[in-house]
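Remarks on the overall topology
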Amino acid sequence: TEAAFLDQFAGVSARVALSGAVDTEQDFGELADGEYEATGAESDGYTPTLRMTVEGGKITEVYWDEIGADGKGKRELSESGEYTMTEDGPIWAEQADALADALIESQSLSAFPTDEAGKSDAVSGVSISIGCFLTLAADCMEQASGTGQQAAEGTQIDAVSGATYSSTAVVEGVNLAYEFVQSIAG
């Protein structure tokens, strides 16, 4: 917390990425036309996937699903009544479609501020955690813009559940220490 210590890290760029954390204010720049796909890590028996189509430099289609080991996705399961989140309110597939429509309309992840649990009030009727959606959408947008930045090898880490702020602080500290060591090793 001392200024003299912190000043030595001024202007240092990050080398460590916190898995699941998305900078919704990131400017991806111009998007190249094409179809892009991103797949996330399996969680709770489902593997998330997102496909994005860009035409004329604009996002025109987004399809998000989470596929189980049996090959059935939450979309299919929610539409058939096999995957129920609540008795009233939109089903998972409807919420996923609402997120996709909101991204197509806004053309930006900044329209989706989230809380620590990855939830957002930005899209009416959406109560599911959207952190995975944002991560995969950011990955597709990075592919489309060519701005994707890989973390230095061996420095990709996962967040500690329930410790968002401390995990972020650790990542920032590691980034600063890495850059400092690199600058003096020169």
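Reference entry: report on the structure contained in this document. (Residues numbered from 1 in each chain as written. Predicted model: local features only at pLDDT ≥ 70, side-chain atom pairs only at ≥ 80, totals over all residues. Heavy atoms only, no water.)

Quick word on the overall build of the protein chain
- Secondary structure summary: the protein chain contains five helices and five strands in total.
- Helices and strands in the protein chain line up, N terminus first, as α-β-β-β-β-α-α-α-β-α.
- Per-residue burial for the protein chain yields a buried fraction of 31% across its 186 residues. (Helix = DSSP H or I, 4+ residues; strand = E, 2+ residues; numbered from the N terminus. Buried < 20%, exposed > 50% of the residue type's maximum accessible area, 1.4 Å probe, protein only.)

Some remarks on the pairing of strand β4 (residues 58-68)
- Here strand β3 (residues 46-55) runs beside β4; their pairing, made up of 10 bridges, is antiparallel. Across the sheet, the residue bridging to T53 is E61, located in β4.
- Hairpin connection between β3 and β4: a loop of two residues separates the two successive antiparallel strands, and G56 in this loop has a positive phi of roughly 60°. (Pairing = 2+ DSSP bridges.)

As for the nonpolar core
- Core analysis: the biggest nonpolar cluster contains 30 residues, and L50, M52, W64, L99, L103 and F133 have the highest contact counts within it.
- Breaking this core down by element, the ones donating at least two residues are β2 (34-39), β3, β4, α3 (92-106) and α4 (131-145).
- The element contributing the most residues to this core is α4, with eight residues.
- Excluding anything up to four places from it in sequence, F133 contacts L50, V62, W64, L99, A100 and L103. (Core = buried A, V, L, I, M, F, W, Y, C linked by side-chain atoms within 4.5 Å. Contact = heavy atoms within 4.5 Å.)

A word on the sheet that holds β2
- One open sheet holds the three strands; their spatial order is β2-β3-β4, and the pairing between them is antiparallel. In this open sheet, the two strands that pair with only one neighbour each are β2 and β4. With strand direction ignored, the average angle separating the axes of adjacent strands in the sheet is 15°.
- Packed onto the sheet, α3 meets β3 and β4 and runs at close to 155° relative to β4.
- Here α4 sits on the sheet and contacts β2, β3 and β4; the angle it forms with β3, its principal contact strand, is near 40°. (Axes fitted to C-alpha atoms, helices over the stretch in contact; angles between N-to-C directions.)

Everything listed is a geometric property; what it means functionally is a separate question.
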